[in-house]
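Listed below are the residues making up each chain.
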Amino acid sequence: YAIAKIAGIMMCQAYSRQHGCRFISVMPTNLYGPGDNYDPETSHVVPALIRKFIEARRAGAGEVTLWGTGMPRREFLHVDDLADAGLFLMERYESPEIINIGTGVDLPIHELATKIAGIAGFPGAIRYDSNKPDGPPRKLLDVSKLTALGWTARISLDEGLGRTVRDYEATPG
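The structure presented is a predicted model; accordingly, all values stated were derived computationally and were not measured. (Residues numbered from 1 in each chain as written. Predicted model: local features only at pLDDT ≥ 70, side-chain atom pairs only at ≥ 80, totals over all residues. Heavy atoms only, no water.)

Student: Help me understand the overall build of the protein in this model?
Tutor: For the protein, the count of helices and strands is 6 helices and 8 strands. Listing the helices and strands of the protein from first to last along the sequence gives α-β-β-α-β-β-α-β-β-α-β-β-α-α. Oriented by its inertia axes, the alpha-carbon framework of the protein measures out at about 60 × 35 × 30 Å. A fraction of 86% describes how many contacts in the protein between residues 6 or more apart in sequence connect residues 24 or more apart. Of the roughly 9800 Å² that the protein leaves accessible, carbon and sulfur atoms contribute 56%. (Helix = DSSP H or I, 4+ residues; strand = E, 2+ residues; numbered from the N terminus. Contact = heavy atoms within 4.5 Å. Areas by Shrake-Rupley, 256 points an atom, 1.4 Å probe, with all protein chains shown as cover.)

Spelled out as structure tokens, the structure:
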């Protein structure tokens, strides 16, 4: 996956140089939002936590156990903000160099889990299984190029999580 992504970026840069084509390569941070993949085997952190807390609430569970310590920090961007940033960049960005799209703000997974549990209406305890892996300690993009151009995310994490929880709740099955 990583090699294919890098090859695509390099191809866009080569086309720009060789043919004068205007290609933009973007690197988004962790994305979430309505229509996400809530599958327990293949989902990413936000939809996985949403599903876990809503299912626990529905089952009347007193606690939810999550992998790791909850200490790694991650940055999240709502998909509608990604679309907005993409349109913004198509109108204003001329460089063939890759540009990061994100909020420039991260938070520990335990804070994210607490937010989602609250929005999902899960009243129980959140436990962490430190015998399970955490992943990298921090993933935060440098979005200074994007903010210097004048773009910032419009959807707060709390608002975006609320929209996404409502989406999951409305999903049949």
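Following the structure, the description resumes.
Student: How should the pairing of strand β3 (residues 63-67) be read in this particular structure?
Tutor: Sheet faces and side chains relate simply in a regular strand, where the side chains alternate between the two faces. A one-sided burial pattern is seen for β3, the buried positions being Val-64 and Leu-66 and the unburied ones Glu-63, Thr-65 and Trp-67. Both β3 and strand β7 (residues 125-129) contribute to a ladder of 5 bridges, which runs parallel. Considered in β7, the bridge of Val-64 is made with Ile-126. (Buried < 20%, exposed > 50% of the residue type's maximum accessible area, 1.4 Å probe, protein only. Pairing = 2+ DSSP bridges.)

Student: Quick question: what am I supposed to make of the state of the cysteines here?
Tutor: Scanning the entire structure with this criterion turns up 0 disulfides. Lacking any disulfide linkage, Cys-12 is separated from the closest cysteine sulfur, that of Cys-21, by 9.7 Å. Overall, the relative accessible area of 32% leaves Cys-21 in the partly exposed class. (Disulfide = S-S within 2.5 Å.)

Student: In this structure, what is going on with the layout of surface pockets? I would like to understand it.
Tutor: One way to see where empty space is left: roll a probe the size of a water molecule over the atoms. The calculated volume of the largest pocket comes to roughly 880 Å³. Contributing to the lining of the largest pocket are 31 residues, with Ser-43, His-44, Val-45, Ala-48 and Trp-67 lying nearest its centre. Of all the elements in the fold, those that place two or more residues in the lining of the largest pocket are β2 (30-32), α2 (45-59), β3 and β4 (73-78). If one sorts the elements of the lining of the largest pocket by residue count, α2 sits on top with 8 residues. (1 Å grid on protein atoms, 1.4 Å probe; cavity = no way out; pocket = protein on both sides within 12 Å on 5 of 7 lines; lining within 4 Å. Points joined across faces, edges and corners; volume = space filled by probe spheres on them.)

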